[in-house]
Every structure is written in structure tokens, then in C-alpha cells.
Amino acid sequence: KAKVVDLFCWVGWLTHWLVKQGFNVVAWIDIDNSCKFAFEENNQSKFIEMNIKDVDKNMINNCYWKTDIKILVWCAPCQPFALMNTQKSKYFKNEAVEDKSPIKKYADLIREVRPDIVSMENVAWLANEGKYPSFTYFLNTLKQCWYNYSYQVVDCTKYGIPQTRKRLVLLASRLWKIELISETHDEPVTLKETIGNLEKINAGEQSKKDPLHRSRKLSEINLKRIQSMPENGGSLLDIKDESLIPACHKKESWKTYIGNVYARMKRDAPAPTMTTRCTGFWNGRFGHPEQDRAISLREAALIQTFPSNYKFFDDDTNPWISKISKQIGNAVPVRLGEVIGESIKKHLELYS
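The rules we used
- Residues numbered from 1 in each chain as written.
- Predicted model: local features only at pLDDT ≥ 70, side-chain atom pairs only at ≥ 80, totals over all residues.
- Heavy atoms only, no water.
- Patch = residues over 30% accessible without salt bridge, like charges linked within 9 Å, V, L, I, M, F, W, Y side chains within 5 Å.
- Areas by Shrake-Rupley, 256 points an atom, 1.4 Å probe, with all protein chains shown as cover.
- Salt bridge = Lys/Arg side-chain N within 4 Å of Asp/Glu carboxyl O.
- Helix = DSSP H or I, 4+ residues; strand = E, 2+ residues; numbered from the N terminus.
- Buried < 20%, exposed > 50% of the residue type's maximum accessible area, 1.4 Å probe, protein only.
- Contact = heavy atoms within 4.5 Å.
- Polar contact = N/O pair within 3.5 Å; in protein donor to acceptor, adjacent residues only side chain to side chain.
- pLDDT = per-residue confidence, 0-100.
- Arc of directions from axis to C-beta.

Caption draft 1: Just a nonpolar patch on the surface, in detail. Taken together, W176, L350 and Y351 make up a surface patch of nonpolar side chains, about 330 Å² in accessible area. Structurally, L350 can be placed in helix α13 (residues 334–351).

Rendered as C-alpha cells:
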């Protein structure tokens, strides 16, 4: 009885689990055409390439034609808010920058369309309402349009996601009170449980059995760096040879970061937050806990809880590692999409 429109669908992390939960997702919109293959291949759906600024109420209402329940889901890119968080003094003095926030666009669409159920996911620090006018505007819009809503900062490890990631998840409904399902895991899923059964490969190699199990090639000095680190959590702090320490990390201003880049993950703990550069050894704590390389595309996808059969490229295509790293890192953990889907489904079973 319900129809779903997915705005900022990316490679389909949320649509995939909404469909698995039995929802009829009728429109999938994103501006990035590089996601088209992965989205359509895994969801048997038509990817609509469009700038969200061009989406209007008429287009969305047409998608909801002849339906009892209208659901609108949204996961805008978090980079603008990450930028505002690191450059507070510049951005909070200029509210015109926040006026361009995609969240304000979402709020305006909700006001015009009045979907029955709404979901939104973004960076955790948006929960500090007083610092982000766009989020305050969004919440005020929900109140004015008579929505029941709840939001919380989700610790992903509490839902079986092997990643120390925290995200804000908001659910709103015009039917009745709505909230996220209860946490499902008391103990975190570890990196060993997630990627420990994959075959060993060297830096720059690709598995013959699994083309997505491919790691970046390391320069000679980066190979020496990771070889000089102890397994299971080693970092630049453990290297005795000063010549292997990057010059920038010898500066006083960089000492805060020295243990968090050019570093190995820990085998018996969740992985750090995946980013668009999660397969680069020098971009964070993305070194394999035991092998002398950064994590592979497959390992990154599993940490993001993509199903092992999720396809990111055609079988006849040699995977472009930077492009697919971006697709994997820019996604929200797929398991979180499943949690959102279960929460909406439980709400509909009770109140529709």
C-alpha cells in the first residue's frame, strides 16, 4: 500500500534494503551518474540522474499516484556539514551558506508534498540544533506540518556494523509516534569476523577469484613504513627509523594526527569510519591489521556491510579503484538502511 521515493539514492544502500523489506520504491534520484551501474544492477531499478535542486513537488506527487501511504527517504551528502564543522568561525558568521543546505530543500519539499513518513540520515553533530540553523529549520517544518518525529545519534556498532561510526538518524510520521528499532548487538562485530576469511593478497594485487578483492599499489617508502609497523594496530608512532616518518608529521601541529594516518587497523575491534579514500594507506587508519597493504575494495565493502554479491562494475570492466572507493566510502553502512527499513515497516504494521 506504500510507495517510496529515494532522494540521493547513491549506489542504492537504502533502496536495496527497503526492497528487501517488501517496499515498493518507485523513484530513485541522484546527480552522480557514476552510481548508475551499481544502483540498477543490484536493485533492478531505473536510476534517475537529476540535481536535487530541480526536483519539485509535482514530480514527487506524480510518483505517488494512487497510493495509500507516501514515504520519502533522504540521505544528503555529509561533506557540506563536515566542512562547516571544521571551519566554524567562517561558516557560522555567514548563514547564507547554510541557506544553500540540501536539508532546507528537503524541508521545503516535505512542506509541499506532505508525505506520510519521512526518514533522514546525516552526520552526528547535526544533533546540536543550536549550531545548525538548517537542521533547526527542518525540525520546525516537521512541527508546523504536524509530524511526530524522533532522532538520535546512532552508534553503528550497536546494530552489528563493524565500524566505529556515528550517524544521526531521523524518522517522522503523520500517522503516529515513530522511532528506530532497539539496538541489536551488545558486543561489536570485529574486523576479524568481517574480513578474516578473505584470501591473502599483496599491495597492488587483485584476487583471481574475486576482482573486487583488490588493493592499491604502495610506493617503496610506504611499503617500508607498513612493514616497519607491528601487526594489529601499529602506526607511525611505532616506527624507530626517523627517515620513514613523513616530514609533515614531524611538525608540532601534526602530532595529533600521527597515530591516525599511515596506520593499521586492529584485528579484534571494529574498523574506523570508512571514507571515500578508505583504500589508501596514507589517508587514515586503513592499513590491513596483518598484511602489508591497505584494505581492498572488497574488505571496504564488507565493512560497509554491503552484501558479498553486490556489484559495483560490469564483469568485463577492470575496476577503477578510486571510483569504487568513492562509491563504497560515500555510502552509509547498508545494515543501517536495513534498520531504517525495519523501523518503518514496524511502524506501518502498528498504525496504518
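Caption draft 2: A look at the environment of D6. Along the chain, D6 turns up in strand β1 (residues 2–7). For D6, a relative accessible area of 3% puts it in the buried group. C-alpha of D6 to C-alpha of I71: the two residues are 65 residues apart in sequence and 8.7 Å apart in space. Not counting residues up to four positions away in its chain, the partners in contact with D6 are L14, T15, V25, A27, W28, I29 and V73. A polar atom in the side chain of D6 sits 2.6 Å from the side chain of T15.

Caption draft 3: Seen up close, the side chain of N222. Along the chain, N222 falls in helix α10 (residues 220–227). Under the relative-accessibility criterion, N222 is labelled buried at 7%. With sequence-adjacent residues up to four places away left out, N222 is seen in contact with Y262, F281 and W282.

Caption draft 4: The arrangement of unusual backbone geometry in detail. One non-glycine residue, R114, lies in positive phi territory at about 55°. Inspection of the secondary structure puts R114 in the loop between α7 (102–113) and β5 (117–123). A relative accessible area of 33% places R114 in the partly exposed class. At Y262, a residue that is not glycine, the phi angle is positive and equals roughly 50°. Inspection of the secondary structure puts Y262 in the loop between α10 and α11 (297–303). According to the relative accessible area criterion, Y262 is buried, its value standing at 13%.

Caption draft 5: Spotlight on the confidence of the model for the protein. With 89% of its residues at a pLDDT of 70 or more, the protein has an overall mean of 86. Taken element by element, the protein is modelled with least confidence in helix α5 (residues 88–91), mean pLDDT 42, and with most confidence in helix α9 (residues 191–195), mean pLDDT 97.

Caption draft 6: Focus on helix α2 (residues 36–43). Within the sequence span of α2, burial applies to A38, F39, N42 and N43. Burial along α2 is one-sided: seen end-on, the buried residues are contained in an arc of 100°. Of the surrounding elements, those touching the buried residues of α2 are α1 (13–20), β2 (24–30) and α12 (321–330). Directly after α2, the chain includes Q44, whose backbone phi takes a positive value near 45°.

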